Amino acid sequence: MECNVKSEFGYDLLELSGEVDLQFSPQLREKILGSLKTGNPLLIDLAKVSYIDSSGIASLVEGFQTAKTSKLQYGLLNISNTAMQVLTLTRLDKIFDLYSSIDQFKQKLQ
Amino acid sequence: MSSLVTYIESLGAYCVTALEQTGRTFNMLVQVVWELLHPPYRLYPIVRQMYFIGARSLTLIIVSGITIGMVLGLQFYNILQRFGSVELLGAGVALGVIRELGPVMTALMVVGRAGSSITAELGIMRITEQVDALECMAISPDKFLIAPKVVAGLLSVPLLTMVFDFVALFGGYFVGVHMFGVAEGSYWNGMIDAVQWQDVRIGLIKSFVFGVLVTLICCSRGFYMHLTKAGSQGAEGVSSATTDAVVLSSIAVLFSDFLIGALA
Amino acid sequence: MTGNTQTDTAITIRNLVVDYGPRRILNDINLDIPSGQIMVIMGQSGAGKSTLLRCILGLKKPTSGSIHMLGTDIATASQKEIYKARKQIGVAFQGGALFSSMTVGENIELPLREHTNLDEKTIQIMSRIKLDMVNMLDAEHLMVAELSGGMAKRAALARAIIMDPKLLFFDEPSAGLDPSTAAELDQLIITLKISLGMTIVVVTHELDSIFKIADHIAVMKDGNIVETGTPQQISASTNPEIQGLLNRKPRETIVDTDAHLRRLTGGF
């Protein structure tokens, strides 16, 4: 798994790739919570994620709750079909803000 | 003739079963030691078991300790009075309690109070597939279930024995000094003069051995229930395994008490 | 893994024999369990299906034969290798086999606490996600003794899938449940296959659920696998053993009324 946080204009973009499993989700969690501490909105790009397990999803959920408490925008971008199925199964698709393009997220920010 | 053959056969079968069970119990000890030497080390499960084996037996230990002390005081007073040497009462009570009765009675109380429920708990876990479930989660039952109990037994029984000894001495004191008017000074001084470090050490060694022995036998009886005749009998099997465990560990305590006494 | 055949089968069982004393419990079992699908092992009690399951899980050492699963031959593997393989499987036992000294939540979190270094918060969210999947989010703080049979089975399922296993084993999912709870559980098993791509092995004798959930069926009788195939193939089978299992044996018509009377009264 690789995850890089890039500071864009007005928000942070977290690019995630590879397999997010029990081994790597603590790292993901740290990156998400660390980025939210800076007080910027966060968009997580899941386009290159080949697999995400429930520990990864749990980290995304915790991030969302943290963002909500600090009143920050928090979105998931380009979520893959398999990941989407897992979200649907746990009814999380209704909870998350899902985006299919960065522009969509930017519009929401304004 | 044929009845003799049957008798010898059943005797042989009995011996084989007894040997198998001893082997399994010993194997369990080896497994527990192996698990204890390997991380992760966890304190909380041991503390929890110590609460269960130790703290919850405390009332029983205190009550029986006082009673035994009083009985000893009474008994010794009657004997010593005939020889006109009641000043030896403290020494007699102390030696009897510290060397023999303290460790043995405490161990027997723990067998009845905690040992039986250890066997029942593990037996029920076995027949309801909880042990299998642990295995299937790749969690070693030896580490998760057995080791904390054995360590807790090893630590709790000596501690309980100390409590037992302490209150028993006061039981003897109460009977001797307050009921029969033995001089308070001679009771305590006689005790201090007579009891040597050697006596305390034997009592302590015994209680450590009993602690491991009792928990190990009770654990192995419950845990390996499925391998014995009781295994196929469900709830009834649990109750007979529990009875077996109590009988066996009581005998083991008494026998090893003799053994340690003879060797030391 | 090399070759397609390897990736298509999750479990390969060859010439599996289990003897118990002089009795032969499993007699030369050969079975391929395809990955990503639901395989139902059916048969009456005593047919050997539980023994087969215990062998696959490494709980029972077979007399001979091999069981290849997750790159290990479970039949000959060391305890360490078996434990490694078990971290990638989930098992839901018939009665739930939940630990009665813990709450439902603690039961489900146990594998995570034992095997991972995840943050407390992550563990909690993961366990609640799984509880939500089995529709038991409200039961997190209940003690196991407070659960009904159906709830215990669902909690056991949540515990079995907490580590996102590749392989899920389910022993008698619908036994002892009322029809609607059983149907709910069947649906859940199908959902797990479709959404999470799990390979699922179900051992059962309940005909209703077998034909609802199975992609493949293996029929066992007296320690043998009598037939394997899709539900359609099995129900169309002309094998009298299978016909006997599928339809209840018709009651014989009473010809000799005297004999029947004697059978009922013991003849006095």
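Above this text is the structure in question.
The numbers attached to residues start from 1 for each chain and follow its sequence in the written order. Written order determines the labels here, with chains lettered from A and ligands numbered from 1. Given that the model is predicted, a residue must reach a pLDDT of at least 70 before its local features are reported, and side-chain atom pairs must reach 80 or more before they are shown or counted; all residues, however, enter totals for whole chains, interfaces and linings.

**A look at the overall build of chain B**
Starting at the N terminus, helices and strands are each numbered in turn, a helix being any DSSP run of H or I of at least four residues and a strand any DSSP run of E of at least two. Helix and strand counts for chain B come out as 9 helices and 0 strands. Along chain B, helices (α) and strands (β) appear in the sequence α-α-α-α-α-α-α-α-α when read from the amino end. For chain B, the C-alpha atoms occupy an extent of roughly 65 × 60 × 30 Å along the three principal directions. The buried share of chain B, taken over its 264 residues, is 45%. For chain B, contacts bridging at least 24 residues in sequence account for 88% of all contacts bridging at least 6. Partly exposed residues are those whose C-beta has more than 12 but fewer than 20 other C-beta atoms within 10 Å; 20 or more makes a residue buried and 12 or fewer makes it exposed, with C-beta atoms placed from the backbone. Working definition of a contact: two residues with C-beta atoms, positioned from the backbone, lying within 7 Å.

**Focus: the interface of chain C and chain B**
Tallying the contact residues gives 14 residues for chain C and 10 residues for chain B. Per element, the largest residue contribution to the side of chain C that touches chain B is 4 residues, and it comes from helix H4 (residues 104-115) of chain C. Along the lines of polarity and charge, the residues of the side of chain C that touches chain B split into 9 nonpolar, 2 polar and 3 charged. For this classification, the nonpolar set comprises Ala, Val, Leu, Ile, Met, Phe, Trp, Tyr, Cys and Pro, the charged set comprises Asp, Glu, Lys and Arg, and every other residue, Gly included, is treated as polar.

**Quick notes on the sheet that holds strand S3 (residues 42-52) of chain A**
All names here are of chain A. Two strands are counted as paired when DSSP detects at least two bridges linking them. Read from one edge of the open sheet, 5 strands run S1-S2-S3-S4-S5, paired in mixed fashion. In this open sheet, the two edge strands, each paired with only one partner strand, are strand S1 (2-7) and strand S5 (97-99). Within the sheet, the average angular offset between the axes of one strand and its neighbour, ignoring direction, is 25 degrees. Throughout, an axis means a line fitted to C-alpha atoms (over the contacting stretch in the case of helices), and angles, computed between N-to-C directions, take values from 0 to 180 degrees.

**Things to note about the nonpolar core**
Counting 182 residues, the largest nonpolar core has Val40, Ala155 and Ala158 of chain C as its most contacted members. Per-element accounting of this core gives the leading share, 18 residues, to helix H4 (residues 89-127) of chain B. Dropping the residues within four chain positions of it, alanine 158 of chain C is found in contact with Ile108, Lys130, Leu131, Met133, Val134 and Met136 of chain C. Here, a nonpolar core means buried Ala, Val, Leu, Ile, Met, Phe, Trp, Tyr and Cys residues linked by C-beta atoms lying within 7 Å of one another.

**A few points about the interface of chain A and chain C**
In this complex, chain A contributes 17 residues to the contact, which on the side of chain C involves 15 residues. The set of elements that each furnish at least two residues to the side of chain A that touches chain C consists of helix H1 (25-37), helix H2 (54-69) and helix H3 (81-89) of chain A. Among the elements that line the side of chain A that touches chain C, the one with the most residues is H2 of chain A, at 7 residues. Broken down by class, the residue content of the side of chain A that touches chain C amounts to 7 nonpolar, 6 polar and 4 charged.

**A word on unusual backbone geometry**
Looking along the chain, the bond that leaves proline 39 of chain B and enters proline 40 of chain B is cis, with omega of 0 degrees. Relative to the elements of secondary structure, proline 40 of chain B occurs in the loop between helix H1 (2-37) and helix H2 (44-53). You will see that leucine 70 of chain C, though not glycine, has its phi angle at about 50 degrees, which is positive. Along the chain, leucine 70 of chain C falls in the loop between strand S4 (64-69) and strand S5 (72-73). A tally of 17 C-beta atoms within 10 Å means that leucine 70 of chain C is categorised as partly exposed. Despite not being glycine, asparagine 135 of chain C has its phi angle at roughly 65 degrees, a positive value.

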